[in-house]
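# Results of the structural survey
The lines below spell out each chain.
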Amino acid sequence: MLNRRYLRIKVMQALYALAQARKADYQMAADLIAQNLTPDWDEDRKDAEQLKAEIAAATTLFAENFEKSQLQLAPDTPPAIRAAAIEAMQFYKAEHRQGISHFEKHLSRQIEQIYDIYLLLLQLPLEIANLVSAEGERNQNNTLLYTYNPSDFKFQHNPVVAALAKHKLLKTEIERRQVTWKAQMEFVKDFYRVAFKTDEEYKKYQALIQPSFEEELNIVLHLLRKIAFKSDIAAKFFEEKDLYWSENEKVIQSMVIKTLKTLTPEDLEDFALQPLSKNWDEDQFFYQDLYRQCISLEKEIDQSISAHAANWDLDRLAMIDRIIVQMAVCEMIQFQSVPIKVSINEYIELSKMYSTPKSKQFVNGLLDAIAQTLQQEGRIKKSGRGLIDNK
């Protein structure tokens, strides 16, 4: 199940990706200036020094104005330089708008993908049971080549697997989100052959004459907890499927195991699926609003950072530190129900996890100073016990 820290991490990653894309957009816009001012081969060639001066002038004009709503020009700006700078600004702004939208959608997909992989893993025992059944049929029909032992194929009749197959809500969610193993059956077959079929616990399970419900449940738990999350073949598959698998793995594993542990022999078909979070509507609004507010308030927040980061130019701050502080300040200003102390502590933890060893002290001191100033200026509006105190 997702918590707010996890959502903050996802927003931080989206903002970091957006910042990297913005650098690339800036460079492409600057390159466009040189491209537009350089004449075609069939035109009269400009003097090299004149061309260099025009490109430099247009690039400077772009650099001074690319974040402004309107281009500010001297009255004597040559038309060619003006046109090149304007086109670069338009290009940059269009690319940046697309980037904001793209990374917000990517942020939502990354979080939603956690639930998709959760559903996918709940289906894995079903696919394994189908492979066991098919193998049993082949062996039964080829008695000259194989010695058929029904006990070797009991997993196809596992009551926990049967409960997963019959679960109405699971079926509905799978159909609604279109999450199946259909396109990845080669992996499932390899996983069964390489990881599950050779597993010692599975061999012990096969040797049982009449497994108890606990033993039936344990082999499914073992399949998912110890093999699907631990084997090399599964790790490679999920790392390729999910860019952030190393972070998401524990969340998904917890959701899968909690789901299965609610099963009882008395009521196999009425177990609950795990939600992404305790209150998904609120949490979804939280991460989307945090992403959008950080972008819209970036200049205002950067002014606060500059005023308190003594002897530090914003451009000299590590990008991840800058984003962490921006998010914390945004949260203090815009999210009235989140205590100041919680915001500061959460982003200190993020700095410990994702930035340099010295970042913790830097982020802590900077956020304390900014919080005090914002409170004095009346820009933090919170009410309720424990919401204001940041000590």
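These remarks concern the structure in this document. In every chain, residue numbers begin from 1 and rise along the written sequence. Where local features are concerned, this predicted model is filtered to residues with pLDDT of at least 70; where side-chain atom pairs are given and counted, the filter is 80 or more; whole-chain, interface and lining totals use all residues. Side-chain numbers come from the whole structure's heavy atoms, not from hydrogens or water.

## Description of the side chain of His96
The test is simple: Numbering goes from the N terminus for both helices and strands, where a helix is a DSSP run of H or I of at least four residues and a strand is a run of E of at least two. Residue exposure (1.4 Å probe, protein chains only): buried if accessible area is under 20% of the type maximum, exposed if over 50%, otherwise partly exposed. Contacts were defined at the residue level, with two residues in contact if any of their heavy atoms lie within 4.5 Å.
Inspection of the secondary structure puts His96 in helix α3 (residues 79-141). The exposure class assigned to His96 is buried, which follows from its relative accessible area of 14%. With residues near it in sequence (within four places) discarded, His96 still touches Leu18, Arg22 and Asp25.

## Description of helix α2 (residues 48-65)
This is how the line gets drawn: Expected span, for any helix, means 1.5 Å times one less than how many residues it has. It is the directions from the helix axis to the C-beta atoms whose arc is reported.
Under the 1.5 Å per step criterion, the end-to-end length of α2 is 26 Å for 18 residues, consistent within 8% with the ideal 26 Å. When α2 is considered as a whole, its buried residues turn out to be Leu51, Glu54, Ala58, Leu61, Phe62 and Asn65. Each buried residue of α2 sits inside an arc of 100 degrees when the element is viewed along its axis, so together they form one side. When the buried face of α2 is taken as reference, the exposed residues oriented beyond 90 degrees from it are Ala48, Glu49, Lys52 and Glu64.

## Quick notes on the packing of α2 against α3
Two packed helices can be described by the angle between their axes and the distance between those axes. Heads up, the condition is: Axis definition: a line fit to C-alpha positions, over the contact stretch in the case of helices; interaxial angles, taken between N-to-C directions, run 0 to 180 degrees. Roughly parallel means an angle under 35 degrees; roughly antiparallel, over 145; roughly perpendicular, 65 to 115; everything else is oblique. Helix crossings fall into two classes, left-handed where the near helix is turned counterclockwise from the far one by less than a right angle and right-handed where it is turned clockwise. Any residue outside Ala, Val, Leu, Ile, Met, Phe, Trp, Tyr, Cys, Pro, Asp, Glu, Lys and Arg is labelled polar, Gly included; the first ten of those are nonpolar and the last four are charged.
Their axes nearest at 9 Å, the elements α2 and α3 cross at an angle of 40 degrees. When the axes of α2 and α3 are compared, the pair comes out oblique. The way α2 lies across α3 gives a crossing that is right-handed. The residues of α3 that touch α2, namely those facing Glu54, Ala57, Ala58, Leu61, Phe62 and Asn65, are Ile81, Ala84, Ala85, Ala88, Met89 and Tyr92. Here the residues of the contact of α2 with α3 are counted per class, giving 10 nonpolar, one polar and one charged.

## Some thoughts on helix α10 (residues 245-261)
In an α-helix there are 3.6 residues to a turn, and that puts residues three or four apart on one side. Across its 17 residues, α10 extends 23 Å between first and last C-alpha, which sits within 8% of the 24 Å expected from 1.5 Å per residue. Structurally, α10 contributes buried residues whose contacts are with α1 (4-37), α3, α4 (159-166), α8 (213-228) and α9 (232-241).

## Brief notes about the packing of aromatic side chains
Selection rule: In this analysis, rings of Phe, Tyr and Trp, with Trp reduced to its six-membered ring, are considered paired at centre separations within 6.5 Å, and the interplanar angle assigns stacked below 30 degrees, edge-to-face beyond 60, and tilted for intermediate values.
Counted according to the given criterion, the structure contains 22 aromatic pairs. For the ring pair Phe238 and Trp245, a centre distance of 4.7 Å and an interplane angle of 15 degrees mean the geometry is stacked. The buried category is assigned to Trp245, whose relative accessible area is 4%. Note on Phe286 and Phe335: the rings are 5.3 Å apart at their centroids and 65 degrees apart in plane angle, and the pair reads as edge-to-face. Of this pair, Phe286 sits in helix α11 (residues 280-296) while Phe335 is found in the loop between α13 (319-334) and α14 (340-354), placing the two residues 49 residues apart along the sequence. Relative accessible area serves as the criterion here: at 2%, Phe286 is assigned to the buried category.

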